[in-house]
Amino acid sequence: MSRKHSLAALVAALMSLSSTVQADDWPQWLGPQRDGEWRETGIVEKLPATLKVRWRTKIGAGYSGPAVAGTRVFVTDRQVKEGNDPQSPFQRGAVPSVERVLCLDDASGEILWKHEYPCVYTVSYPAGPRCTPIVDGESVITLGAEGHLNCFGTADGKVLWSRELKKDYGIRLTPTWGFSSHPLIDGNKLITFVGGEGSAVVAWDKSTGKELWRALSATGPHGPGYGPPMIYEAAGVRQLIAWLPDGVNALDPETGKVLWSHPFSSKEGLTAPTPRKAGDLLFLTSFYDGPCMLKLDATKPGVTEVWRGKGKNERQTDGLHSIMPTPFIIDGHIYGVCSYGQLRCLKAGTGERVWEDLTATAADKARNARWANAFLVCQADRFFIANEQGELLISKLTPKGYEELSRAPLLKPTGNAGGRSVVWSHPAFAHRSVYARNDEEIVSVSLAAE
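We now turn to the structure provided with this report. Owing to the predicted nature of the structure, the values given are computational and were not obtained by experimental measurement.

The next point concerns the overall build of the protein. Tallying secondary structure elements over the protein gives two helices and 34 strands in all. For a compact globule of 450 residues, the expected C-alpha radius of gyration is about 22 Å, and the protein comes in at 22 Å, within 12% of that figure. Dimensions of the protein, computed from the C-alpha atoms along their principal axes, are close to 75 × 50 × 50 Å. In the protein, buried positions account for 58% of the 450 residues. A sequence separation of at least 24 residues applies to 57% of the contacts in the protein between residues at least 6 apart. Accessible surface for the protein amounts to roughly 18,600 Å². Of this, 51% is attributable to carbon and sulfur atoms. Computed over 50 positive and 49 negative side-chain charges, the inter-centroid distance for the protein is 2 Å.

Shown next, in the form of structure tokens:
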């Protein structure tokens, strides 16, 4: 074979190989396995000073992160007349609004279809929807801030079924900070935290929206809280973890039967950080009440408490008082963001603090870093960190300390919190790219190695 023909054959072979490689999706909260790990390879070792933007698309406001599946990107937002919202984000009003579900083309960012519905916003911090859409085959499910639960066909946006949780379950008041618990798909079931008497947790047939079971009660001003349902296995039993404002529970995901309950109340219902399992340990952290480590029984469903944080409040902390970011547990150590932006490392076995660092969240530069946030995603032996200042970082977190490898601006902070401008939306990492949004646009940036 001639050199020319040999080269052509090699190129053809490489093209054939590349066409069979499937890029990883990010179809739900925290990614394909709902654990915040980005498992793609071929990712940049260091961020360039100017990121390679694939596309930008104008959208409205919201805290909900994007979901990426196949050739589609899904995100939700809110439209409202300028000036209609209360001057303080803490205030609750009754503001006529429109929530939208948007489907974008992953190659160009073009909006392929949209669905919108009227929605009166009564929540505190009313920027927009909170929950990441969840894609399941040819359908996508969204949950709005006021409890509008919808299932659409991914191809054309046709409504397959819908529910209004407040009306359907007799809930008089929306939780203070809205319906924020990212729905979970398990087999033929969609599981969502709802609230009310006997319906804190509800499972539906994901294809029809028919209720399959309901369990527990959550009737306070914060309803079922703000964290996501998670399913973990322990003692050979699949256990649906439902952390509500008065304590953490495990349910049988097939029937809703309560397997065990453990008291761990959260002031203001701040149960937002995702419960984390590592081996036989189950870790919880909340803004005011701090951390609690439970040990899952090896022989039957149940838990015992290993340790609990001793910090007096969110200002006087010893452990980890997270308001939103999901922590990680790696090799016996916990990594997470505390109440004033302290990125901390704790010993998982005791809760003892190993180190803290303020630079990742930019809390070292903020006048008042209360609620300072950074969202952590693990990729190989390092972390991609999206902080609230709209920066993207690559860093290593080990018991030895925090090591920043690179940092670059990703998005303009457009939200308002604590007297500063912020981005409070968890990005998606898929197709060797990052997808992030603020209150004005959604952007896709390539992170593929050259």
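Here the narrative resumes.
This part takes up the pattern of salt bridges. The full count for this structure, using the stated rule, is 26 salt bridges. A salt bridge links arginine 39 to glutamate 37; the shortest N-O distance between them is 3.6 Å. The class of arginine 39 is partly exposed, set by a relative accessible area of 37%. For glutamate 37, a relative accessible area of 32% puts it in the partly exposed group. For the salt bridge of glutamate 305 with arginine 308, the shortest nitrogen-to-oxygen distance reads 2.7 Å. Overlapping salt bridges, with partners in common, bring together Asp186, Lys189, Arg238 and Glu254 in one network.

This paragraph deals with the nonpolar core. Ranked by size, the top nonpolar core spans 31 residues in total, and within it Leu47, Phe384, Leu392, Phe429 and Leu447 carry the most contacts. Residues contacting leucine 47, with those up to four places away along its chain left out, are Phe384, Leu392, Leu393, Ile394, Ser406, Arg407, Ala408 and Leu447. Membership of the second largest hydrophobic core comes to 16 residues, among which are Trp161, Tyr169, Phe179 and Leu190.

With that settled, consider unusual backbone geometry. A positive phi angle, close to 55°, is found at tyrosine 125, a residue other than glycine. With respect to the secondary-structure elements, tyrosine 125 resides in the loop between β5 (111-121) and β6 (134-136). Despite not being glycine, tryptophan 371 shows a phi value in the positive range, around 70°. Here tryptophan 371 is to be found in the loop between β25 (353-357) and β26 (374-379).

Strand order in the open sheet formed by four strands is β6-β7-β8-β9, with antiparallel pairing between adjacent strands. Here the strands that pair on one side only, and so sit at the sheet edges, are β6 and β9 (159-164). Ignoring strand direction, the axes of neighbouring strands in this sheet form an average angle of 15°.

Let us look at the state of the cysteines. Disulfides are covalent bonds that link the sulfur atoms of two cysteine residues. Within the structure shown, the criterion is met by zero disulfides. In this model cysteine 345 remains outside any disulfide bridge; the closest cysteine sulfur is found in cysteine 338, 13 Å from its own. Here cysteine 378 is not disulfide-linked; the sulfur of cysteine 345 is the nearest cysteine sulfur, at 14 Å. The exposure class of cysteine 378 is buried, given its relative accessible area of 7%.

With that settled, consider the sheet that holds strand β2 (residues 67-69). A sheet is described by the order of its strands in space; here four strands give the open sequence β2-β3-β4-β5, paired in antiparallel fashion. Because the sheet does not close on itself, it has two edges, and the strands there are β2 and β5. Taken over all neighbouring pairs, the strand axes of this sheet differ in orientation by 20° on average, direction set aside. Pairing analysis gives three bridges linking β2 to strand β3 (residues 72-79), with the strands arranged antiparallel. Each bridged residue has a counterpart across the sheet, and for alanine 67 the counterpart in β3 is phenylalanine 74.

Rules of the game
Residues numbered from 1 in each chain as written. Predicted model: local features only at pLDDT ≥ 70, side-chain atom pairs only at ≥ 80, totals over all residues. Heavy atoms only, no water. Helix = DSSP H or I, 4+ residues; strand = E, 2+ residues; numbered from the N terminus. Rg over C-alpha atoms; globule rule 2.2 N^0.38 Å. Buried < 20%, exposed > 50% of the residue type's maximum accessible area, 1.4 Å probe, protein only. Contact = heavy atoms within 4.5 Å. Areas by Shrake-Rupley, 256 points an atom, 1.4 Å probe, with all protein chains shown as cover. Lys, Arg positive; Asp, Glu negative; His and termini not counted. Charge placed at Lys NZ, Arg CZ, Asp CG, Glu CD. Salt bridge = Lys/Arg side-chain N within 4 Å of Asp/Glu carboxyl O. Core = buried A, V, L, I, M, F, W, Y, C linked by side-chain atoms within 4.5 Å. Pairing = 2+ DSSP bridges. Axes fitted to C-alpha atoms, helices over the stretch in contact; angles between N-to-C directions. Disulfide = S-S within 2.5 Å.

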